[in-house]
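Structural characterization, general
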Amino acid sequence: MKGWWARGSLRRRLLCAHLVTIAAGAITLLGTTLLFAPSLHDRLMIAWLGPHWSMTADAGMVEMERATNAIFTLAMAQALAISSGVAILVAVMVSLAASRQIAQPLERLLVAAQRIAAGHYRERAPVQGDYELARLAAQFNTMAAALENAEQRRVALIGDVAHELRTPLATIAGYVEGMLDAVVEPDEGTWALVLDEVNRLRRLAGDLQELSRVEAGQVALNTTAVAPAALCAAALARLEPQFAEKGVMLRIHVAPDLPPVSADPDRVLQVLINLLGNALRYTPAGGEVVVQAVKAGDTVRWAVRDTGIGIAAEHLPHLFERFYRVDKARTRATGGAGIGLTICKALVELHGGQIWVESAGLGQGATFFFTLPLFHRYE
Ligand code: ADP
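Quantities reported herein were computed from a predicted structural model and do not represent experimental measurements.

1. Focus on the overall build of the chain
Along the chain, the regular secondary structure elements total nine helices and seven strands. Relative to its length of 379 residues, the chain is extended, with a C-alpha radius of gyration of 40 Å against a globular reference of 21 Å. Put simply, of all contacts in the chain between residues at least 6 apart along the chain, 71% involve residues at least 24 apart. Approximately 22,500 Å² of the chain is accessible, and the part contributed by carbon and sulfur atoms is 62%. Averaging the positions of the 35 positive and the 36 negative side-chain charges in the chain gives two centres separated by 6 Å.

Following this line, the structure appears as structure tokens:
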């Protein structure tokens, strides 16, 4: 059960704590004074009158010494009682001010937290000074900023998804209405165009589902020791026909004795195929794509380098963001919704690796890098 002093607001608790401390101090002071005052008085009297005074003193003097001792002790006790009273009064005032100083920032923090809980994500707590409560308020504000950011991303995501859905749906509606009004021929060509848009929607739904699963950490990795050369060979086997068809050369540079990485082979293959698919998409016929894997510290670093259209510097920091496309019109025609790289990033980070892109600019090709931890780190 809680003590009476621990009930109520923080201010009251602080005030009670201060009062209890002062009362304990005053009682201790009074007790020790009453305990030591008589003997101290006697010692001082002996020092003043001389060590042999009791032998020469008459009964009157002894009685007088006893009386002064009693009066001295009483005076000390009264003085202490008065000063304790005054001290408690002063302490109450100081404590009121001090407890307000401590409780006020906490009360403001509480109000800010309540407003954020009610959906006002812009709310921030005032930060004054550099002591613990100010640091708590600063941390609270950092958390509030993260929440605000997450909320903005959520709203933006809904807007982006709606936007991505609208275009294919409008196209499908256009064809179907055209056929109903007999302005468009319901022939094989028209149905193929409708099917294209349906497939685009299906791909978008699949990508979004995959992205949400990866970002929510719902993808369980079956991590094992994976040989980089085997992964590259698997990717090559999958994509070689498409590269040959477009007339883009695909080369792999992986030392066969490269140490194994700790990874889920299916997921890494997914990343490699995604990067290679992009490289093929953005590299014109006659170009070249090279996959390289080298040991870099505690990791193996992959590089997928192409001689394609390249990426302007201002786009580089945004490529891994959801729905980010450099040229919306061009990528719409080729089918991308700008989610592929976001999924790659989430998958690589799930493995404890990093992913980034470099490009010297438009027309200069692009290189996508990613790292995966060496297997021995987990042994
Ligand atoms: P998408 O499915 O639209 O390709 P991604 O997330 O895979 O989406 O890629 C995002 C954007 O990055 C693309 O729209 C494209 O503009 C750019 N991009 C990706 N890979 C390359 C590359 N190898 N060369 C040039 N641009 C690229």
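2. Observations regarding the site of the ligand
Residues in contact with the ligand amount to 20 residues; listed here are only the nearest, Asn278, Arg281, Asp306, Gly338 and Leu341. Within the side chain of Tyr282, one N or O atom sits 3.2 Å away from an oxygen atom of the ligand. Contact between the ligand and Gly338: an oxygen atom at 3.1 Å from a main-chain N or O atom of the residue. Considering the ligand on its own, with 530 Å² of exposed area, one finds that the protein chains cover 96% of that surface. Elements that contribute at least two residues to the shell around the ligand include exactly helix H7 (265–281) and helix H9 (340–350). Considering every element that reaches the shell around the ligand, the biggest residue donor is H7, with three residues. Considering only residue class, the shell around the ligand consists of eleven nonpolar, six polar and three charged.

3. As for the pairing of strand E4 (residues 288–296)
Relative to E4, strand E2 (residues 249–254) runs parallel, the two sharing six bridges. Within E4, the residue paired with Met249 across the bridge is Glu288. Relative to strand E5 (residues 299–306), E4 runs antiparallel, the two sharing eight bridges. Within E5, the position partnered with Val289 by the bridge is Asp306. Between the antiparallel neighbours E4 and E5 lie two residues, among them Gly297 with a positive phi of about 65°.

4. Points about the sheet that holds strand E6 (residues 355–358)
The sheet built from five strands is open, its strands ordered E2-E4-E5-E7-E6 with mixed pairing. In this open sheet, the two edge strands, each paired with only one partner strand, are E2 and E6. Across the sheet, the axes of successive neighbouring strands diverge by a mean angle of 15°, strand direction being ignored.

5. Here's the deal with the side chain of Asp306
Its location among the elements puts Asp306 in strand E5. Although Asp306 is buried, it makes no salt bridge; Arg305 carries the closest opposite charge, 8.7 Å away. Of the polar contacts made by the side chain of Asp306, one reaches the backbone nitrogen of Gly308; its length is 2.9 Å.

6. A word on unusual backbone geometry
Its identity as a non-glycine residue notwithstanding, Ala182 has a phi of 60°, on the positive side. Here Ala182 shows up in the loop between helix H4 (132–180) and helix H5 (188–215). Judged by relative accessible area, which is 66%, Ala182 ranks as exposed. Here the phi dihedral of Phe323 falls at roughly 65°; this positive angle occurs in a residue that is not glycine.

7. Observations concerning the nonpolar core
Most often, soluble globular proteins have nonpolar side chains that are buried together. Counting residues in each nonpolar core, the largest one holds 50 residues, and the members touching the most others are Leu276, Trp302, Phe368 and Phe370. Take this core: its biggest share by element is eight residues, from H7. In this structure, this core is formed jointly by two domains, domain 2 (134–215) and domain 3 (224–373), each of which donates at least three residues. Other than its neighbours up to four places away in sequence, Phe370 contacts Val268, Val271, Leu272, Leu275, Val300, Arg301, Trp302, Val348, Gln354 and Ile355.

8. Concerning the packing of helix H1 (residues 10–49) against helix H3 (residues 59–117)
Packing of H1 against H3 brings their axes to within 8 Å, and their N-to-C directions diverge by 160°. With respect to each other, H1 and H3 are oriented roughly antiparallel. Crossing geometry of H1 relative to H3 is assigned as right-handed. When grouped by side-chain class, the residues that make up the contact of H1 with H3 number 25 nonpolar, ten polar and five charged.

9. Some remarks on the pattern of salt bridges
Opposite charge on two side chains permits them to pair, given that their charged atoms come into close proximity. According to the stated counting rule, one finds twelve salt bridges in the structure shown. When the shortest N-O distance is used, the salt bridge between Arg122 and Glu148 registers 3.2 Å. Of the two residues, Arg122 sits in the loop between H3 and H4 while Glu148 sits in helix H4, which places them 26 residues apart along the sequence. Taking the relative accessible area as the measure of exposure, Arg122 reaches 69% and is therefore exposed. Here Glu148 falls in the buried class, since its relative accessible area comes to 15%.

The rules behind the values
- Residues numbered from 1 in each chain as written.
- Predicted model: local features only at pLDDT ≥ 70, side-chain atom pairs only at ≥ 80, totals over all residues.
- Heavy atoms only, no water.
- Helix = DSSP H or I, 4+ residues; strand = E, 2+ residues; numbered from the N terminus.
- Rg over C-alpha atoms; globule rule 2.2 N^0.38 Å.
- Contact = heavy atoms within 4.5 Å.
- Areas by Shrake-Rupley, 256 points an atom, 1.4 Å probe, with all protein chains shown as cover.
- Lys, Arg positive; Asp, Glu negative; His and termini not counted.
- Charge placed at Lys NZ, Arg CZ, Asp CG, Glu CD.
- Near = heavy atom within 4 Å.
- Polar contact = N/O pair within 3.5 Å; in protein donor to acceptor, adjacent residues only side chain to side chain.
- Nonpolar A, V, L, I, M, F, W, Y, C, P; charged D, E, K, R; others polar.
- Pairing = 2+ DSSP bridges.
- Axes fitted to C-alpha atoms, helices over the stretch in contact; angles between N-to-C directions.
- Buried < 20%, exposed > 50% of the residue type's maximum accessible area, 1.4 Å probe, protein only.
- Salt bridge = Lys/Arg side-chain N within 4 Å of Asp/Glu carboxyl O.
- Core = buried A, V, L, I, M, F, W, Y, C linked by side-chain atoms within 4.5 Å.
- Domains from an automatic or database assignment.
- Parallel < 35°, antiparallel > 145°, perpendicular 65-115°, else oblique.
- Left-handed = near helix turned anticlockwise from the far one by under 90°.

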